[in-house]
Amino acid sequence: MTTRHTDAPGSQALGSVRRRLYTALDPRARSTGLSPLNLVLAILILSATGLAIAETEPTLLPNYGRAFARAELVFGVLFALEYAVRLWTAPERNPGGAAWRERLRFLITPAALIDLVAVLASLAVAGGSSALLLRLVRLGRILRLAKLGRMSRAMGHLLEALNSRRDELLLSLFAGLLLMLVSATALYLAEGAIQPDKFGSIPRALWWSVATMTTIGYGDVYPITPLGKLLASIAAISSIGLIAMPTGILAAAFSDAVQRHRVALGAQPQRSTPPPETR
């Protein structure tokens, strides 16, 4: 008489815990918004980022330097624990695949690499000796803000919109760069001899071109000749429509992406009511 072996209860319970943790950490595994765990992580990310920003103020370090270091160590341990849990739950992304392969795929994702940099930066605060190293460490800690992106479905829609309109966006970017170069060359020819310190070369004129086309217009560099003013006016008016072009493309693509996801998630065809029976 043979007996049929089943999975051990402990293994089933462990798998259930892993699945629940994965669902709580990854919004893509749920049909609703953020989980309570995601909200806690978002608060921790914002708090840790605020701490990293405040720590760059030299006047706060004499009185609060030790408190900053302790708080950053606590944040580092918490985010290291989160990183470890995400690594452990990575196989839940594809339950049919090999666990080691799914964990390896997780390790090389941009989000996991950013997490790793932020965790190492937190744990390296005590060892930062040079000013440059400390600045790099603080930059790595501020990168935690990127972790908020994967907690938002809107970020996924934005990435999808960028990918679906990448050709149009690249074309508009190329047109903008071309207009910058042409306008800088025109002002170099018109104003180079009169204002050599500002328009004496095309690279110098490019600063004016960038400031003008982005509608910033600092006012530190501007043409003074009638021809230069005419060319600058043409460049400024042309840039208004050109700079607005990527905005329209991206807005339309983002709206399309949101609509597609709404249809995919919540739109189920309504069942038509059967016609009444005729006797």
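If you're wondering where the values come from, they're calculated on a predicted model, not measured in any experiment.

A. Summary view of the packing of helix α3 (residues 61-89) against helix α4 (residues 99-107). At a minimum axis distance of 8 Å, the contact between α3 and α4 shows a crossing angle of 140°. Looking at the two axes, α3 sits oblique to α4. Residues Y83, R86, L87 and W88 of α3 pack against R103, F106 and L107 of α4.

B. Representation of the packing of aromatic side chains. Taken as a whole and assessed by the stated rule, the structure comprises four aromatic pairs. With a centroid separation of 6.4 Å and 40° between ring planes, the pair formed by Y64 and F68 is classed as tilted. Of this pair, Y64 and F68 both sit in helix α3, four residues apart, which is roughly one turn of that helix. Geometry around Y222 places K198 over its ring, the cationic atom sitting 5.3 Å from the centre.

C. Up close: the packing of helix α8 (residues 166-191) against helix α10 (residues 202-213). Direction vectors running N to C along α8 and α10 enclose 125°, while the axes themselves pass 8 Å from each other. Considering their axes alone, α8 and α10 lie oblique with respect to each other. The crossing of α8 and α10 is right-handed. Each of G176, L179, M180, L181, S183, A184, T185, L187 and Y188 in α8 lies in contact with α10, whose residues at this interface are I202, A205, L206, W208, S209, V210 and M213. Among the residues making up the contact of α8 with α10, the classes are represented as 12 nonpolar, four polar and no charged.

D. Layout of α10. In this model, α10 (12 residues) spans 15 Å end to end at C-alpha, consistent with the 16 Å of a helix rising 1.5 Å per residue. Listed in full, the buried residues belonging to α10 are A205, W208, S209, A211, T212 and M213. T215, located one to two residues past α10, shows a positive phi value of around 60°.

E. Looking closely at a nonpolar patch on the surface. On the surface, a cluster of nonpolar side chains totalling about 430 Å² of accessible area is made up of W100, L104, L107 and I108. Within the secondary structure layout, I108 lies in the loop between α4 and α5 (110-123).

F. Seen up close, the environment of A69. With respect to the helices and strands, A69 occurs in helix α3. Looking at A69, the relative accessible area reads 38%, which means it is partly exposed. Once the C-alpha coordinates of A69 and E55 are considered, the two residues, 14 residues apart in sequence, prove to be 9.2 Å apart.

Thresholds, definitions, all that
- Residues numbered from 1 in each chain as written.
- Predicted model: local features only at pLDDT ≥ 70, side-chain atom pairs only at ≥ 80, totals over all residues.
- Heavy atoms only, no water.
- Axes fitted to C-alpha atoms, helices over the stretch in contact; angles between N-to-C directions.
- Helix = DSSP H or I, 4+ residues; strand = E, 2+ residues; numbered from the N terminus.
- Parallel < 35°, antiparallel > 145°, perpendicular 65-115°, else oblique.
- Contact = heavy atoms within 4.5 Å.
- Phe/Tyr/Trp six-rings, centres within 6.5 Å; stacked < 30°, edge-to-face > 60°.
- Lys NZ or Arg CZ within 6 Å of the ring centre and 35° of its normal.
- Left-handed = near helix turned anticlockwise from the far one by under 90°.
- Nonpolar A, V, L, I, M, F, W, Y, C, P; charged D, E, K, R; others polar.
- Expected span 1.5 Å × (residues − 1).
- Buried < 20%, exposed > 50% of the residue type's maximum accessible area, 1.4 Å probe, protein only.
- Patch = residues over 30% accessible without salt bridge, like charges linked within 9 Å, V, L, I, M, F, W, Y side chains within 5 Å.
- Areas by Shrake-Rupley, 256 points an atom, 1.4 Å probe, with all protein chains shown as cover.
- Salt bridge = Lys/Arg side-chain N within 4 Å of Asp/Glu carboxyl O.

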